[in-house]
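Structural overview for review
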Amino acid sequence: MDELSELMRHLRLQTRVFHRTAHCGQWTLDAEYERKAMFHLVAGGSCVLRTDDGTADVALQAGDAVLFIRPQDHCLIAPRDADDTVATLLLCGYFEFDSPLAEVLLASLPAQMLLRHHPTPEDMASGAPAALLQLIIAEAEQNGPGAMLLMDKLSDALFMYALRQCVTSGTVERGLLSAMSDPSLGASLLAVHHDPQHPWTVAALADTAHLSRAAFARRFVQAVGVTPMDYVTGLRMQQAQSALAERGVSVAEAAVIAGYATEAAFSRAFKRIHGRSPGASRSS
C-alpha cells in the first residue's frame, strides 16, 4: 500500500452531502454551516463564489467544485445575467475524520482548492477528477434510490483527488503530505502507521530514517508541525478511541493500546484529546 493510501486509511474519512437545492433568478446562498472542511459542487447551471478576504469573485460553471479546507466566510450568488428559466443545482458537503491526526493533515493543505470540470492541461496532468465530478452530478440530477449515500461515497473520492492534485502539483510545501513524500520521513511515518503499538522512541524512529536523533526530531517538527512522539501518541489515541467505540474494549485494554501504564493517566490524556472520557466513548 502506498504512503497516501496508508495515511488515509488511518484518518478514516467520512463525507456528507448535506445540502441539495436548485435556484433560479437572482439568489444568494450564505455558507453558514458547521465550521468544518467543506465543498460546493455546481451540478447544473452557474454561479459566482464570493469570499470575504478581498479576492476577486470566481465564476463557477456546471461541473466545477470548490473545497474549503479551513473555515472561511463566503457565499454563492447568481450571475448578474442569470436567466429566470435556468436553474442552478448546488450540492454542499463536509469532510469529517475520525482521528486527531486529521488536523495535522488539513494544516498542510491550501485553504481553498478549485477543481474544474473542464480542466487545464496542468490540471489534467495532476489528476483533476472530471469523470468523478460527472458521476456525482448524475446522482444529484437523477436522485434515484440510494443517491445520497452514493454521493457521500463519491465525495470521499473527491477529497482524495484533491489531495493527489496537491501532491502532484507541488502546492504542499509543509505538513503531513510533504513529510510523506520525503524519503526519510516517509519511511518513519509508514513504520509508525504499520505498528503504532511498537515501543517507539525518537531514537528508534531516527534509525528508520537513517538520521541522527537530533536531525530527525528537527526535520520531523519542521515538516509535520508536531514532535515525533506527539504524533505517535495521537495515532495510538485514535486507535484506542476506535477500539472503545467499535469493539467495546475495556478502558484498561484501551490504555494498553494507547501505550499508557495506568488507566488514570490514559483517561486524563484521552479526555484532553477527545473532549470526553474513555467510558463515554465506550458507551456511545
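Placed above this text is the structure.
Residues numbered from 1 in each chain as written. Predicted model: local features only at pLDDT ≥ 70, side-chain atom pairs only at ≥ 80, totals over all residues. Heavy atoms only, no water.

1. Quick look at the overall build of the protein
The following threshold applies: Helical segments are the DSSP runs of H or I of at least four residues, strand segments are the runs of E of at least two, and each set is numbered from the N terminus. Residues count as neighbours in contact if any of their non-hydrogen atoms are within 4.5 Å of one another.
Across its full length, the protein holds 13 helices and nine strands. In the protein, of all internal contacts separated by at least 6 residues, the share reaching a separation of at least 24 is 72%.

2. Digging into the packing of aromatic side chains
To keep it simple, the criterion reads: Note on aromatic pairs: the rings of Phe, Tyr and Trp (six-membered ring only in Trp) are paired at centre separations within 6.5 Å, and the planes decide the class, stacked below 30 degrees, edge-to-face beyond 60, tilted for the rest. For every residue, the accessible area (1.4 Å probe, protein chains only) is compared with the maximum for its type, and the residue is labelled buried under 20%, exposed over 50%, or partly exposed between those bounds.
Inspection of the entire model under this criterion finds eight aromatic pairs. With a centroid separation of 4.9 Å and an interplanar angle of 55°, the aromatic rings of Phe 95 and Phe 159 are classed as tilted. Of the two residues, Phe 95 is situated in strand β8 (residues 88–97) and Phe 159 in helix α5 (residues 147–169); the sequence distance between them amounts to 64 residues. No difference in accessibility class separates Phe 95 from Phe 159, as the two residues are buried. Judged by centre distance (6.0 Å) and plane angle (75°), the rings of Phe 220 and Tyr 231 are edge-to-face. With Phe 220 in helix α9 (residues 213–224) and Tyr 231 in helix α10 (residues 228–247), the pair connects residues that are eleven residues apart, well separated along the chain. Here the two residues Phe 220 and Tyr 231 agree in accessibility, since each one is buried. Following the ring pairs from residue to residue traces out a cluster consisting of Phe 39, Phe 95, Phe 97 and Phe 159.

3. Observations regarding the nonpolar core
Counted only if it meets this: Among buried residues, those of type Ala, Val, Leu, Ile, Met, Phe, Trp, Tyr and Cys that are joined through side-chain atoms within 4.5 Å constitute a nonpolar core. For the domain bounds, the source is a domain assignment made automatically or taken from a database.
Within the largest apolar cluster, 56 residues are counted, with the highest numbers of intra-cluster contacts made by Leu 7, Met 8, Phe 97, Leu 105 and Phe 159. Top element by residues in this core is α5. It accounts for seven residues. Looking at which domains feed residues into this core, each of domain 1 (3–169) and domain 2 (182–282) supplies at least three. Trp 27, Leu 60, Phe 68 and Ala 78 belong to the second largest nonpolar core, which has 14 residues in total.

4. A closer look at the packing of helix α7 (residues 183–194) against α10
Which entries qualify depends on this criterion: Lines fitted to C-alpha atoms define the axes here, with helix axes fitted over just the stretch in contact, and angles between the N-to-C directions of these axes take values from 0 to 180 degrees. Note on angle classes: values under 35 degrees are labelled roughly parallel, values over 145 roughly antiparallel, values of 65 to 115 roughly perpendicular, and the remainder oblique. Helix crossings are classified by the rotation of the near helix relative to the far one: an anticlockwise turn of less than a right angle makes the crossing left-handed, while a clockwise turn makes it right-handed. Gly is put with the polar residues, along with every residue not named as nonpolar or charged; the nonpolar set is Ala, Val, Leu, Ile, Met, Phe, Trp, Tyr, Cys and Pro, and the charged set is Asp, Glu, Lys and Arg.
The geometry of α7 relative to α10 is characterised by a closest axis approach of 10 Å and an angle of 30° between their N-to-C directions. In terms of orientation, α7 lies roughly parallel with respect to α10. The hand of the α7/α10 crossing is right-handed. Residue-level inspection shows Leu 189, Val 192 and His 193 of α7 in contact with α10, the latter providing Tyr 231, Val 232 and Leu 235. Per-class residue counts for the contact of α7 with α10 are five nonpolar, one polar and no charged.

5. Concerning the sheet that holds strand β4 (residues 46–51)
Strand pairs in the sheet, formed through backbone hydrogen bonds, run parallel or antiparallel to each other. Note the following rule: Two strands are counted as paired when DSSP detects at least two bridges linking them.
Spatial strand order, β2-β7-β4-β5: four strands in an open sheet with antiparallel pairing. Whereas interior strands pair on both sides, the edge strands pair on one side only; in this sheet they are β2 (28–30) and β5 (58–61). On average, each strand axis in the sheet is inclined to that of its neighbour by 25°, with strand direction left out of account. Bridge analysis of β2 against strand β7 (residues 74–77) gives three bridges, and the strand direction is antiparallel. Bridge pairing links Leu 29 to Leu 76 in β7.

6. Concerning unusual backbone geometry
The residue Asn 143 is not glycine, and still its phi comes out positive at about 50°. Turning to its location among the elements, Asn 143 is positioned in the loop between α4 (130–142) and α5. Despite not being glycine, His 210 has its phi angle at roughly 55°, a positive value. Considering the arrangement of structural elements, one finds His 210 in the loop between α8 (202–209) and α9.

7. So, the side chain of Thr 51
Applied cut-off: Here a polar contact means two N or O atoms within 3.5 Å. Within protein one must be a hydrogen donor candidate and the other an acceptor candidate, and residues neighboring in sequence count only if both atoms are side-chain atoms.
Its location among the elements puts Thr 51 in strand β4. Residue classification places Thr 51 among the buried positions, given a relative accessible area of 13%. Reaching out from Thr 51, the side chain makes a polar contact with the side chain of Thr 55 at a distance of 3.0 Å. Sequence-distant contacts of Thr 51, defined by excluding residues within four places in its chain, comprise Phe 68, Gln 72, Asp 73, His 74 and Gln 112.

8. Quick notes on the side chain of Ser 188
Along the chain, the position of Ser 188 falls in helix α7. Ser 188 has contacts with Leu 205, Thr 208, Ala 209 and Phe 216, leaving out every residue within four places of it along the chain.

9. Let's talk about the sheet that holds strand β6 (residues 65–68)
Pairing in this open sheet of five strands is antiparallel, and the strands run β1-β8-β3-β6-β9 from one edge to the other. Single-partner strands in this sheet number two, and they are β1 (13–23) and β9 (112–115). Adjacent strand axes in the sheet meet at a mean angle of 15° when their direction is disregarded. By the bridge criterion, six bridges tie strand β3 (residues 38–44) to β8 in an arrangement that is antiparallel. In the sheet register, Met 38 faces β8, and the bridge partner there is Tyr 94. Here α4 sits on the sheet and contacts β1, β3, β6, β8 and β9; the angle it forms with β3, its principal contact strand, is near 70°. Most of the contacts of α5 go to β1, to which it runs at about 110°, and overall it touches β1, β3, β6, β8 and β9.

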